[in-house]
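One letter stands for each residue in the lines below.
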Amino acid sequence: MALEQPKSVDATLELLGAGRYVADRSLATALHLALSLGRPLFLEGEAGVGKTEIAKVLSETLGRKLIRLQCYEGLDVSSAVYEWNYARQMVEIRLAEAAGGADRDSLAKDIFDERFLIKRPILQALEADEAGAPVLLIDELDRTDEPFEAFLLEVLSDFQVTIPELGPQVAKTPPIVIITSNRTREIHDALKRRCFYYWVDYPSAARELEILKVKAPGAPEDLSKQVVAFVHELRKLDLFKVPGVAETIDWVHALVQLDHLALSPEAIENSLGVLLKYQDDIAKIQGHEATRILNQIKAELAGAAAVA
């Protein structure tokens, strides 16, 4: 059952919290404005900081269908929006010819009917739904080519798609649109102007610890504190890919699964592949560097505990 959209920033924060998403007020404000004013929300930031999760949480907490378009290089209209079912159209033509007396104009009209239309994610998102307007997630838009961006302009401006044979297909109720980008390339200004924009940054240590309390409630508190401190030190280093929040959560789950109550050189050595995804980064951190960081964060945490 679809629920009403939140009426305030505080209500938006509560909505995200109900979906176990720990957000700061600035993100809740951007989301509230996008929902209230019916504008797409463009979320940009490093991989693993929780951009995609926002669309999933909205779908869950508002009771709306989630329609996800996962972008990739070479994505085109036939995969993202619609295509004609050519096999069925050919069967229809053969049947009409076999029956005899087929009129070319009427046959052309018949085969370009919605019965032969294969609806892809974007067109599906424009359809009416009893549960309310769906959540359309256009994920990792930066992976697509620029021509596909140009096609999206009509969708994001007017919430419609023009099919030459059928004309404009307009959404009776505009979907909730969330667009994400990992910024592997710049997205054109024309697309960004049609959206509200928010940069999703890495969280502070306090907020990341709060996230772990929600996402990994069974983890020992000391372990969670050490993991967060260790990850934050890694983010200061020149790594090919620093760990995101998703990797922090995965690492805590892995350490708990291995029955580690606190970080140790052995625990780090055995599980570093959960946190880092490139061998060059792992080689840079393993051994002496991991021990140095671990000793540093333990001293800092002990000092903070003594002051408290």
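Rules used in this analysis
- Along each chain, residue indices are assigned from 1 in the same order as the chain's sequence is written.
- Local features in this predicted model are restricted to residues whose pLDDT is 70 or higher, and side-chain atom pairs enter the listing and the counts only when it is 80 or higher, whereas totals over whole chains, interfaces and linings include all residues.
- No hydrogens and no water enter the side-chain calculation; it runs on all heavy atoms of the structure.
- Here an axis means a line fitted to C-alpha atoms, over the contact stretch when the element is a helix, while the angle between two N-to-C directions is reported on a 0 to 180 degree scale.
- Secondary structure follows DSSP: runs of H or I at least 4 residues long count as helices, runs of E at least 2 residues long count as strands, and numbering of each begins at the N terminus.
- Throughout this description, any angle smaller than 35 degrees is read as roughly parallel, any larger than 145 degrees as roughly antiparallel, any in the 65 to 115 degree range as roughly perpendicular, and the remainder as oblique.
- Contacts are assigned to residue pairs with any non-hydrogen atoms lying within 4.5 Å of each other.
- Following the grouping adopted for this structure description, the nonpolar residues are Ala, Val, Leu, Ile, Met, Phe, Trp, Tyr, Cys and Pro, the charged ones are Asp, Glu, Lys and Arg, and the polar ones are all others, Gly among them.
- For this analysis, a polar contact is any N or O atom pair within 3.5 Å, provided that within protein one partner can donate a hydrogen and the other can accept it, and provided that sequence-adjacent residues contribute only side-chain to side-chain pairs.
- Definition used for salt bridges: Asp or Glu carboxyl oxygen within 4 Å of a side-chain nitrogen of Lys or Arg.
- Here's how the labels work: a residue is buried when its accessible area is under 20% of the maximum for its type, exposed when over 50%, partly exposed in between, all with a 1.4 Å probe on protein chains only.

Participant: Any details on the packing of helix 1 (residues 9–18) against helix 3 (residues 51–62)? Residues and values, ideally.
Facilitator: Contact geometry for helix 1 and helix 3: axes closest at 9 Å, N-to-C directions at 95 degrees. Comparing the axis directions of helix 1 and helix 3 gives the class roughly perpendicular. Within the contact between the two elements, helix 1 uses Leu 15, Leu 16 and Ala 18 and helix 3 uses Val 57, Leu 58, Thr 61 and Leu 62. Class assignment of the residues belonging to the contact of helix 1 with helix 3 gives a composition of six nonpolar, one polar and no charged.

Participant: Provide a residue-level description of the environment of Arg 68, including the pertinent values.
Facilitator: Position of Arg 68 among the secondary structure elements: in strand 2 (residues 66–70). Through-space distance from the C-alpha of Arg 68 to that of Asn 270 is 35 Å; in sequence the pair is 202 residues apart. The residues contacting Arg 68, other than those within four sequence positions of it, are Thr 52, Lys 56, Pro 121, Leu 137 and Asp 139. Among the polar contacts listed, one links the side chain of Arg 68 to the side chain of Gln 70, at a separation of 3.0 Å. One polar contact links Arg 68 to Asp 139, side chain to side chain, over a distance of 2.7 Å.

Participant: An account of the pattern of salt bridges is requested, with residue identities and associated values reported.
Facilitator: Here the structure, examined in full by the defined rule, presents 17 salt bridges. Lys 119 serves as the salt-bridge partner of Glu 114, at 3.4 Å between the closest nitrogen and oxygen. Look at Glu 114 and you get partly exposed, because its relative accessible area is 44%. Assessed through its relative accessible area of 25%, Lys 119 is described here as partly exposed. A cluster of three or more residues bridged by salt bridges with shared partners is formed by Glu 44, Arg 183, Glu 186 and Lys 192.

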